[in-house]
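A look at the structure
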Amino acid sequence: MADTPPVKARRAQSTARPATAEPPPPPASEPGGDDPVVLDESSDLTPVVATNLKRFRAERGLSLERLAKASGVSRAMLGQIELGQSTPTINVLWKIARALGVPFSALMSQASSPVTTVMQSSHARILRSRNGEFSSRALFPMDRPRNVEFYELRLAPRSVEHADAHAPGTSENLVVTEGSVEITVAGERRVLETGDAILFEADSPHSYRNLGSSEAVMYLVMTYGSRS
């Protein structure tokens with residue numbers, strides 16, 4: 001791979017998330033578009049996202065039309081999400097969260113917060129691409145919006161996951177624990193082997209590519225900039 005100065009890399013996005021409509025495919029950085037995503041039965045986020053979207057939109061006094069313009073997600077799709085008729089793709093969730101000015105996890109949060117929280121793997125909330133090549137598991141309680149989020153990412157052999165730019169001030173710190181992964185940020189590529197880590201600003205398009213013949217496993221810490 002090109003021997004260029006280290007970049008700061010950014011997080012992967014998913015190639016397919018639940019959605020029952022929303023024709024126009026996302027930009028080149030999101031090849032999977034808005035295809036329906038597969039959610040584990042134990043972690044159906046559809047009603048949670050619907051409730052949170054309604055609340056955030058109401059708090060900001062935004063009509064569906066205005067939010068559609070700000071997010072780039074169609075009014076029809078937003079309406080379906082609010083009615084619990086469609087589960088958005090990871091890509092769509094990022095667009096909505098950015099337009100609302102909230103962390104990604106805020107759209108998937110449920111109120112409840114014991115001092116100590118055990119997140120059993122059997123009840124994990126996993127967003128999975130329709131073709132099963134990419135999965136993202138939240139490793140933090142989704143009881144409220146947070147400025148720091150922790151995820152386990154898994155990527156199938158020889159597959160690639162693309163992500164849009166996040167809000168300014170968002171950074172991603174990722175470590176590869178299994179496999180060999182190529183991270184591309186704003187056109188610059190870095191190859192990470194098992195044990196390698198990377199830190200990058202997530203305000204430009206980025207992607208993850210599994211270079212190996214076995215599943216790649218990564219852990220990602222996402223930090224949001226301060227919000228006014």
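Quick look at helix H4 (residues 90-100)
For H4, the tally of buried residues reaches nine of eleven residues, placing the bulk of the element in the interior. Those residues of H4 that sit buried are Ile 90, Asn 91, Val 92, Leu 93, Trp 94, Lys 95, Ile 96, Ala 97 and Leu 100. On the buried face of H4, the contacting elements are helix H1 (46-59), helix H2 (64-71), helix H3 (75-82), strand E2 (126-128), strand E3 (134-138) and strand E11 (216-223). Following H4 by one or two positions, Gly 101 has its phi on the positive side, about 75°.

Considering the confidence of the model for the protein
Mean pLDDT for the protein: 79, with 76% of residues reaching 70 or above. Per-element confidence in the protein is highest for strand E6 (residues 171-178), whose mean pLDDT is 98, and lowest for strand E1 (residues 38-39), whose mean pLDDT is 40. Counting contacts from residues 1-43, a segment whose pLDDT is below 50, to residues more than four positions away or on other chains yields 174 contacts.

Side note on unusual backbone geometry
One non-glycine residue, Arg 158, lies in positive phi territory at about 60°. Inspection of the secondary structure assignment puts Arg 158 in the loop between strand E4 (148-155) and strand E5 (160-163). Judged by relative accessible area, which is 58%, Arg 158 ranks as exposed. One non-glycine residue with positive phi stands out, namely Ala 186, at about 50°. Summarising the element assignment, Ala 186 is placed in the loop between strand E7 (181-185) and strand E8 (188-192). A relative accessible area of 54% places Ala 186 in the exposed class.

Reading the values: the criteria
Residues numbered from 1 in each chain as written. Predicted model: local features only at pLDDT ≥ 70, side-chain atom pairs only at ≥ 80, totals over all residues. Heavy atoms only, no water. Buried < 20%, exposed > 50% of the residue type's maximum accessible area, 1.4 Å probe, protein only. Helix = DSSP H or I, 4+ residues; strand = E, 2+ residues; numbered from the N terminus. Contact = heavy atoms within 4.5 Å. pLDDT = per-residue confidence, 0-100.

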